[in-house]
Amino acid sequence: MQRFLILLILTLLSFGMTGQSESTDQDAFFLKDIYTQSLSKSKAYHWLDTLCRTAGPRLSGSQASYDGLAYLEAVLSDMAFDTIFHVDCMVPRWHRGSHTLDLEHKGKAIPTRSTMLGNSLGTGGSLVTGDIIEVLELDSLAGMADQLKDKVVFFNRPMDPSLVRTFHAYGRAVDQRVFGPSRAGKYGAKAVIVRSMASQIDTIPHTGVTVYEEDAIAKIPGIAISTYDAEVLSDYLDNGSVQATISSTSTPLPDTSSYSIVAEIKGSEYPDEIILVGGHIDSWDIGQGAHDDGAGCVQSIQVIETLLALDYKPKRTIRCVLFINEENGLNGGKSYAEYSNANGEYHLAAIESDAGGFTPRGFSCTADEAVFIDKLRNLKTFEPLLEPYDLYLKKGGAGADINPLKSQNGLLIGLNPDSQRYFDYHHTAEDKIEHVHPRELLLGGAAMTSLVYLIDQHGL
Ligand SMILES: [Zn+2]
């Protein structure tokens, strides 16, 4: 009786009084079963808790990254996969070391909370001193060339708070962190301070990758300060000069070998059409990588856990992929695509979760222009079945690790959770298990499972 009522409600919500078909009824029932199983029995939060507490921060090439890989492979090995294998790749390694940042205005010390940018060079432990000059745009540097020599350049353009989707604000501000040290070094600056990529004013510094471009003349250190400290520093600069003194033992280390993990269930009818679910197992070294991206890894495993618990036999090949080295190189995503292309594979769909373990809102997708309109139209036919779970389907970004698969002409899909709190934790010491809500995490995995099921049943 209860099942009948659920079916009735779901189908009425989705299609009005008409349009019910037998397969739609089956799909609606199965999606309900996915959510029931996920929300009452999934172990995904337990896996994430164990990963965060036992492996901890998992920077590529670190012992913790191998510990994390080994733990999640053990979790996968307890499930009925047909095969589990590694795709090897080389990864860069980086040692954060220790650093100091002292700011002084008219003989008075200004306290700051700071962290070295990932992949930054240090000062070899010696002190580097310079007057701070505030800059808002990378493009402004050329016009200020004669003012930058021996200075410490302070990039202070905030993430735009008027943008509702915080990833858009991040995308428009992060050039300062990624290219700031490389570009300022060309004009003789001694070091760079970057305003943290955060959505709000707080005292938490955010690390993240900085890149020294090939034509970088001088590789100078980059440090992030919290948004609160950036506001304070900017106020002091309005009233006179501020001197920075920096020391850092950060240093790159030789590349080393690592791997991504692939676990596969062969499809019974269309084994050559692969549906991938994945996240990246590496993280920055100052938090536990709970939201970024332990959450995406355990949600991807939850997809398989749920389908197996429901005794589902996929028509298409389903792969769970845990990528290494998203944060500072993307060598896991690149090497996986190379492996896949070399084997003539076709990913019909790849779904990545790498935007935090928050309440899912829907999915955004992209593909090669040649196939995108048709694939999106086909995907959109699932919308009425997902609508009861408050999930949309739209055009947009998918995921850094799966992007290299675009040339296979399948659909690349990203899980879109609520983004409002993501940049409170992203790349910080606060990205830890205490900030992941178990139910929100499981809802994300259930959303991914639902989409995998629908694509497996109906294709694209
Ligand atoms: Zn990530």
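What counts and what doesn't
Residues numbered from 1 in each chain as written. Predicted model: local features only at pLDDT ≥ 70, side-chain atom pairs only at ≥ 80, totals over all residues. Heavy atoms only, no water. Axes fitted to C-alpha atoms, helices over the stretch in contact; angles between N-to-C directions. Helix = DSSP H or I, 4+ residues; strand = E, 2+ residues; numbered from the N terminus. Parallel < 35°, antiparallel > 145°, perpendicular 65-115°, else oblique. Left-handed = near helix turned anticlockwise from the far one by under 90°. Contact = heavy atoms within 4.5 Å. Nonpolar A, V, L, I, M, F, W, Y, C, P; charged D, E, K, R; others polar. Salt bridge = Lys/Arg side-chain N within 4 Å of Asp/Glu carboxyl O. Buried < 20%, exposed > 50% of the residue type's maximum accessible area, 1.4 Å probe, protein only. Core = buried A, V, L, I, M, F, W, Y, C linked by side-chain atoms within 4.5 Å. Domains from an automatic or database assignment. Buried area = accessible area lost by both parts, 1.4 Å probe. Polar contact = N/O pair within 3.5 Å; in protein donor to acceptor, adjacent residues only side chain to side chain. Donors = N, O, S within 2.8 Å, 3.2 Å for Na, K, Ca; no water. Tetrahedral: all angles 85-135°; square planar, octahedral: opposite > 155°, others 65-115°. Expected span 1.5 Å × (residues − 1). Pairing = 2+ DSSP bridges.

A. Fine view of the packing of helix α3 (residues 44-55) against helix α4 (residues 63-77). The N-to-C vectors of α3 and α4 enclose an angle of 155 degrees; their axes lie 9 Å apart at closest approach. One way to sum up the angle between α3 and α4 is to call them roughly antiparallel. In this structure, α3 crosses over α4, and the sense of that crossing is right-handed. The residues of α4 that touch α3, namely those facing H46, W47, T50, L51 and A55, are A64, D67, G68, Y71, L72 and V75. Along the lines of polarity and charge, the residues of the contact of α3 with α4 split into 7 nonpolar, 3 polar and 1 charged.

B. Structural view of the pattern of salt bridges. A complete count under the given rule lists 18 salt bridges for this structure. Taking the shortest distance from any N to any O, the salt bridge between R53 and D49 comes out at 2.7 Å. Linking R53 with D49, this pair stays in helix α3, spanning 4 residues, or about one helical turn. The closest approach of N and O atoms between D175 and R157, which form a salt bridge, is 2.8 Å. Linking D175 in helix α6 (residues 175-185) with R157 in the loop between β6 (152-155) and α5 (166-173), this pair joins segments that are 18 residues apart in sequence. D175 gets classed as partly exposed once you look at its relative accessible area, which sits at 22%.

C. The nonpolar core, seen in detail. Residues F363, L379, I413, L451 and I455 are the most contacted members of the largest nonpolar core, which totals 72 residues. Not counting residues within four places of it along the chain, the set of residues in contact with L451 comprises I351, F363, L379, F382, L386, L393 and I413. If you look at the next biggest cluster of nonpolar residues, it comprises 26 residues, including I133, L138, L148 and V194.

D. Representation of the domain arrangement of the protein. The domain architecture assigned to the protein consists of domain 1 (2-93 + 255-458) and domain 2 (97-249). Once you take the C-alpha centre of each, domain 1 and domain 2 turn out to be 35 Å apart. Opposite the 15 residues of domain 1 that make contact, domain 2 presents 20 residues. Between domain 1 and domain 2, a total of about 1400 Å² is buried, with carbon and sulfur atoms accounting for 60% of that surface. Among the residues domain 1 hides against domain 2, the three largest losses belong to W284, F423 and D424. Together they make up 39% of the total. Where domain 1 touches domain 2, the interface holds 0 salt bridges. Here domain 1 and domain 2 share 6 residue pairs in polar contact (both at pLDDT 80 or more) between them. Among the elements that line the side of domain 1 that touches domain 2, the one with the most residues is helix α12 (residues 422-425), at 3 residues.

E. Quick look at the coordination of the zinc ion. Protein coordination of the zinc ion is provided by H280 (NE2), D292 (OD), D354 (OD) and D354 (OD), with donor distances spanning 1.8 to 2.8 Å. For the zinc ion, the 4 donor atoms are set out with angles of 51 to 150 degrees between them, so the coordination reads as irregular. Along the chain, the residues donating to the zinc ion are arranged with the sequence spacing H-x11-D-x61-D. Taken together, the residues span a long stretch of sequence, with D292 in helix α8 (residues 290-309) and D354 in the loop between β13 (346-352) and β14 (360-366) at a distance of 62 residues. You'll find D292 and D354 in the same group, each marked buried.

F. Quick peek at helix α13 (residues 438-458). Between its first and last C-alpha atoms α13 spans 31 Å; for 21 residues at 1.5 Å apiece the expected length is 30 Å, and the two agree. Just downstream of α13 lies G459, where phi reads positive at about 70 degrees.

G. Region of interest: the sheet that holds strand β8 (residues 222-225). Read across the sheet, 8 strands follow the order β3-β2-β9-β5-β6-β7-β8-β4 without closing on themselves; strand pairing throughout is mixed. Only two strands of the sheet have a single neighbouring strand rather than two, namely β3 (108-110) and β4 (114-116). Strand after strand, the sheet turns through a mean of 30 degrees between neighbouring axes, direction not considered. As defined by bridge partners, strand β5 (residues 128-135) adjoins β6 across 4 bridges and the pair is classed as parallel. Note on β6: the bridge partner recorded for I133 is V153. Contacting β6, β7 (191-195) and β8, α6 crosses the sheet at an angle of about 160 degrees to β7.

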